[in-house]
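# Structural overview for review
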Amino acid sequence: MSQKDIYILTGEINSGKTSLLREVINKIEKCSGILQVKVNDERYLHNISKKRYSKLEVNKKNNQSINIGKF
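The notes below deal with the structure included here. (Residues numbered from 1 in each chain as written. Predicted model: local features only at pLDDT ≥ 70, side-chain atom pairs only at ≥ 80, totals over all residues. Heavy atoms only, no water.)

This part is about the environment of valine 58. With respect to the helices and strands, the residue valine 58 is situated in the segment after strand E3 (52–55). Owing to a relative accessible area of 56%, valine 58 belongs among the exposed residues under this scheme. It is 8.8 Å that separates the C-alpha atoms of valine 58 and glutamate 42, two residues lying 16 residues apart in sequence. (Helix = DSSP H or I, 4+ residues; strand = E, 2+ residues; numbered from the N terminus. Buried < 20%, exposed > 50% of the residue type's maximum accessible area, 1.4 Å probe, protein only.)

Now the structure itself:
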């Protein structure tokens, strides 16, 4: 198994971290990981390598909804 580099980007809320990562990702041929992105005020998990988005929030609470803390 080869060693992989892991990078962590930190910064203030709404400082452009995700926007910067999206720019960098577009320039890297092999890149994987997950970003939490906001699209039209809804939050999604973006699987970078599979180019797939999964909704992270629910608009209406129902009997299958789970609340954890303030989230």
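Below, the discussion takes up the environment of leucine 45. Mapped onto the elements of the fold, leucine 45 is located in strand E2 (residues 42–47). In this structure, the C-alpha to C-alpha distance between leucine 45 and lysine 55, residues 10 residues apart in sequence, is 6.4 Å. Discounting chain neighbours no more than four positions away, the residues touching leucine 45 are Ile34, Leu35, Gln36, Arg52, Tyr53, Ser54 and Leu56. (Contact = heavy atoms within 4.5 Å.)

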